[in-house]
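Survey of secondary and tertiary structure
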Amino acid sequence: MPNRPFRFLHSSDFHLESVPYGLAEVPDHLRDTLIDTAYRAAQRVFDTAINEHVSFVILSGDILNNHQAGLRGPAFLAQQFARLAEHHITVFWAGGRIDPPEAWPAAFPLPDNVKIFPGGRVTEFVYHEEDMPLARLVGISGDGASKLNAGDFSPDPAGLFSIGVAYGTADAAALQVRGMHYWALGGQHARTTLYSSPGIAHDCGTPQGRDPDERGPHGCTIVGVDEAGRSRMSFSTTSVLEWLSETIVVDTSMRRENVEHLLTERIRALAARSPQTNLLISWSIAGSGPLFSELRRGKLRAELLDWLRIEFGLGSPSLWSVALEIESQSAVPAAMLEQQTILGDFLRAVRHFETHTDEPLDLQSLLAEAHISGVLAQATAIDDLPTRKRVLHEAAMLGMELLGGDSTDGGRHA
Ligand SMILES: [Mn+2]
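Every chain's residues receive numbers from 1 upward, in the order its sequence appears when written. With pLDDT at 70 or above as the cut-off, local features in this predicted model cover only qualifying residues; side-chain atom pairs require 80 or more to be listed or tallied, and sums for whole chains, interfaces and linings still use all residues. In computing side-chain values, all of the structure's heavy atoms are included and hydrogens and water are not.

Observations concerning the overall build of the chain
Formally: Under the DSSP-based scheme used, a helix requires at least four consecutive residues in state H or I and a strand at least two consecutive residues in state E, with every element numbered from the N terminus. Computation of the radius of gyration draws on C-alpha atoms alone. For the globule rule, the value is 2.2 Å times the number of residues to the power 0.38. Under the scheme applied here, a residue whose accessible area is under 20% of the maximum for its type counts as buried, over 50% as exposed, and between as partly exposed, the area being computed with a 1.4 Å probe on protein chains only. By the convention used here, residues are in contact when the closest approach between their heavy atoms is within 4.5 Å.
Regarding its fold elements, the chain presents 11 helices and 15 strands. Here the C-alpha atoms of the chain give a radius of gyration of 28 Å, more than 25% beyond the 22 Å that 2.2 N^0.38 yields for 414 residues. Projected onto its principal axes, the C-alpha positions of the chain cover 90 × 45 × 45 Å. Looking at the 414 residues of the chain, the share that counts as buried comes to 47%. Long-range contacts, defined here as pairs at least 24 residues apart, represent 65% of the contacts in the chain between residues at least 6 apart.

So, in structure tokens, the structure goes:
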């Protein structure tokens, strides 16, 4: 069926109730930005809908938990929906885990341009423009606990552009076989496309990352549909702050000023890529050499972090360094393991515990009596494998530093 071209916007997982977490310290100048982050990103989603002249907006769940968001959440959304109504933009909303339709407070009546998909069974709406049907939307609210039942969704029998709207996961093949033109999915915070031809199944992700694992730019998806019913997605960034994880490699010849230069260059490149965005950067330093050993010992690391924060973190937008970690991936040299020295004995003992994971470390027996029931005792009870592995590696590195000679990485002789 030939159609008139149109555009719609797909977004989900605003999580208006939550502020970013994962910062050990919150700097004063970033506090207001953090509190408002989810709202400012959501506002950018609605601004995008208006600026891009979309016909309608699809919200695929996890927009807000209004018990936790307080009155601010529903008041904000009601205001944004009214803005969209002024621009003749309809909203189709399927609830997810935190926003079942019945949780919406009665004190904020939803305007007529907002269409809700109830839970329980799929509901259909046909979207019209000037009395012409443009799209059929088939959707359901759901908490994502069980897989989507794709079989409940059917495309328009006369070929009208058909969109499935739902929260949660499903097999790409099970979705694709239904013959819908577009699946507007929600619940994944990272943007994901399950398939893109024929038809599209897409989870647009959250418009704002809220912890160090939700890295990089986030945004919403604009879908353009042409006369033949073919659709094309484009991404529009909305994140107010962006989490990044960056690695710097130092070599044996480097001094402090070289590392500062590397960090400066990297941070300038990141800022140029996202000029309007606050950046929250977790640094990781890898490599080897005297400077690397000095960084491992801590004081220089703290100084570098302070320097980064003062040099780049206090402006607006802020390029804030969240942490600066030293990678402990460097291997123990084989020659050192074979040495007939105290260091060699020590490294072989560590290696023994690394390879015999069933042998307990029994660090408690090394504690003084006064510490047997204290905090130190808890810290030495290492019962999971990844922690055991990390502790043993740290012990090997520390041994090389304290027992090693001139030839070793961090050898410091008295
Ligand atoms: Mn979510």
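Regarding the confidence of the model for the chain
The cut-off we apply is this: Per-residue confidence from the predictor is given as pLDDT, running between 0 and 100.
Looking at the chain as a whole, the pLDDT averages 90, with 96% of positions reaching at least 70. The model gives residues 406-414 a pLDDT under 50, and that stretch makes 18 contacts with residues more than four places away or in other chains.

Examining the packing of aromatic side chains
Rules: Side-chain rings of Phe, Tyr and Trp (the six-membered ring for Trp) are treated as a pair once their centres are within 6.5 Å; stacked means planes under 30 degrees apart, edge-to-face means over 60, and tilted covers the remaining angles. The criterion is that NZ of a Lys, or CZ of an Arg, lies within 6 Å of the ring centre and within 35 degrees of the ring normal, and then a charge sits over that ring.
The final tally for this structure, using the stated rule, is 19 aromatic pairs. Seen in terms of ring centroids, Trp 93 and Trp 104 are 5.7 Å apart; in terms of plane orientation they differ by 80°. Their pairing is edge-to-face. Pair noted here: Trp 93 is in strand β3 (residues 90-94) and Trp 104 is in the loop between β3 and β4 (114-117), with a separation of 11 residues, a long-range link. One exposure class covers both Trp 93 and Trp 104, and it is buried. Clustering of aromatic rings is evident, with ring pairs tying together Phe 6, Phe 8, Phe 56, Phe 92, Phe 117, Phe 125, Tyr 127, Phe 161 and Tyr 182. A cation sits over an aromatic face here: Arg 72 above Tyr 39, 3.9 Å from the ring centre.

Here's the deal with the coordination of the manganese ion
Convention followed: Each metal's donors are the N, O and S atoms found within 2.8 Å of it, except that Na, K and Ca use a 3.2 Å limit; water is left out, so coordination can look incomplete.
For the manganese ion, the full set of protein donor atoms is Asp 13 (OD), His 15 (NE2), Asp 62 (OD) and His 189 (NE2), at a range of 2.1 to 2.3 Å. The sequence motif formed by the donor residues of the manganese ion is D-x1-H-x46-D-x126-H. Residue His 15 is found in the loop between β1 (6-11) and α1 (28-51), and its partner His 189 is found in the loop between β8 (182-186) and β9 (192-195); the two are separated by 174 residues along the sequence.

Notes on the sheet that holds β9
To keep it simple, the criterion reads: For two strands to be treated as a pair, DSSP must find at least two bridges joining them. Each axis is a line fitted through C-alpha atoms, taken for helices only over the stretch in contact, and angles between the N-to-C directions span 0 to 180 degrees.
One open sheet holds the six strands; their spatial order is β5-β6-β7-β8-β10-β9, and the pairing between them is mixed. With one partner strand each, in any of the chains shown, β5 (123-129) and β9 form the two edges of the open sheet. Ignoring which end each strand starts from, the neighbouring axes of this sheet average 20° apart. Relative to β8, strand β7 (residues 161-167) is paired through five bridges, and the arrangement is parallel. Paired with Ala 166 across the strands is Leu 185, a residue of β8.

Examining the environment of Leu 308
Inspection of the secondary structure puts Leu 308 in helix α7 (residues 299-312). The buried category is assigned to Leu 308, whose relative accessible area is 0%. Ignoring sequence-local partners within four residues, the contact set of Leu 308 consists of Leu 263, Ile 267, Trp 283, Gly 313, Ser 321 and Leu 324.

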